[in-house]
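Architecture at a glance
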Amino acid sequence: MRIGVYPGSFDPPTMGHLDIIRRAAGLFDKLIVSPMVNGAKKSNFTMQEKTDFLKKITADLPNVEVESFGGLLANYIRERGACAIVKGLRAVSDFEYEFQMALANKKLNEELDTVFLMTSQEYLFLSSTIVRDIARHGGDITGLVPEEIREDVANKLKDS
């Protein structure tokens, strides 16, 4: 069984994330979407909220599981029996960072590959930061986050 893991901070999940999830789900027998703690970023949503959001937006994808984790990604991949990390790319700057991470993960687990998927053109501009900024100022985030979580995301951020 080919298992892929799509890790990220998903703070909150966007339409760009969902685009990558749907496309990656077609490449693997099982895709594990893994919200994780990113020490370099202050999270706006709890791990439970992010996990619940991801479960809602992937409910129609039978081969997708959502499971949070902490620690080294290379070790988590080994524990789950996965063969690849899935990463979405928007721009060259994303690639530079993700390429470095892919090499580090390969050093820690030489059987591990990283699969890079380019974000669909309609979501090239989109990031969780943009969603948070728009929602904090009362802007409409329709079409930026999946409809199943739009109201929850907007309500949490509008007064923060």
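Shown above is the structure to which this text applies.
Residues numbered from 1 in each chain as written. Predicted model: local features only at pLDDT ≥ 70, side-chain atom pairs only at ≥ 80, totals over all residues. Heavy atoms only, no water.

**Observations regarding the sheet that holds strand 5 (residues 113-118)**
The test is simple: Two strands qualify as a pair provided that DSSP identifies no fewer than 2 bridges between them. For the purposes of this entry, the term helix denotes a DSSP run of H or I that reaches at least four residues, the term strand denotes a run of E that reaches at least two, and both are numbered from the N terminus. Throughout, an axis means a line fitted to C-alpha atoms (over the contacting stretch in the case of helices), and angles, computed between N-to-C directions, take values from 0 to 180 degrees. By the convention used here, residues are in contact when the closest approach between their heavy atoms is within 4.5 Å.
With parallel pairing, 5 strands are arranged side by side in an open sheet as 3-2-1-4-5. Each edge of the open sheet is held by one strand with a lone partner, namely strand 3 (64-66) and strand 5. Strand-to-strand twist across the sheet, computed as the mean angle between neighbouring axes with direction ignored, equals 30°. Pairing of strand 1 (residues 3-8) with strand 2 (residues 30-35) involves 6 bridges; the strand directions are parallel. Its bridge partner lying in strand 2, Ile3 is registered against Lys30. Across the sheet, helix 2 (residues 47-57) lies against strand 2 and strand 3, angled at about 150° from strand 2, the strand it touches most. Taken strand by strand, helix 4 (residues 92-108) contacts strand 4 (84-89) and strand 5, and its axis lies near 165° from that of strand 5.

**Side note on the pairing of strand 4**
Our working definition: Burial here depends on accessible area, computed with a 1.4 Å probe over protein chains only, as a share of the maximum for the residue type. Under 20% is buried, over 50% is exposed, and the range in between is partly exposed. By definition, the crossover connecting two strands over a helix is right-handed if that path, from the first strand to the second, turns clockwise as seen with the strands pointing away from the viewer.
In terms of burial, strand 4 is largely enclosed, as 5 of its 6 residues are buried. Relative to strand 5, strand 4 runs parallel, the two sharing 6 bridges. Looking at strand 5, one finds that Ala84 is bridged to Asp113. As a crossover connection, the stretch from strand 4 through helix 4 into strand 5 is right-handed.

**Comments concerning the pattern of salt bridges**
Using the following cut-off: Criterion for a salt bridge: a side-chain nitrogen of Lys or Arg within 4 Å of a carboxyl oxygen of Asp or Glu.
Under the criterion given, the structure shown has 14 salt bridges. In this structure, the salt-bridge partner of Glu65 is Arg80, at a minimum N-O distance of 3.3 Å. Of the two residues, Glu65 is situated in strand 3 and Arg80 in helix 3 (residues 73-80); the sequence distance between them amounts to 15 residues. By relative accessible area, which is 33% here, Glu65 ends up partly exposed. A salt bridge links Lys106 to Asp113, with the nearest nitrogen and oxygen atoms 3.3 Å apart. The exposure class of Lys106 is partly exposed, given its relative accessible area of 34%. Here the residues in one salt-bridge network are Lys30, Glu65, Glu67 and Arg80, joined through shared partners.

**Considerations on the packing of aromatic side chains**
Heads up, the condition is: Only the six-membered ring of Trp is used, alongside the rings of Phe and Tyr, when aromatic pairs are assigned; centres must lie within 6.5 Å, and planes under 30 degrees apart are stacked while those over 60 apart are edge-to-face, with the rest tilted.
Tallying each qualifying case throughout the model produces 5 aromatic pairs. Seen in terms of ring centroids, Tyr6 and Phe10 are 5.2 Å apart; in terms of plane orientation they differ by 85°. Their pairing is edge-to-face. Each member of the pair Tyr6 and Phe10 is classed as buried. Taking 5.5 Å as the distance between ring centres and 70° as the angle between the ring planes, the aromatic pair formed by Phe45 and Phe53 counts as edge-to-face.

**Considering the side chain of Thr119**
Position of Thr119 among the secondary structure elements: in the loop between strand 5 and helix 5 (128-136). Assessed through its relative accessible area of 11%, Thr119 is described here as buried. With sequence-adjacent residues up to four places away left out, Thr119 is seen in contact with Asp19, Ile20, Arg23, Leu89, Arg90 and Leu124.

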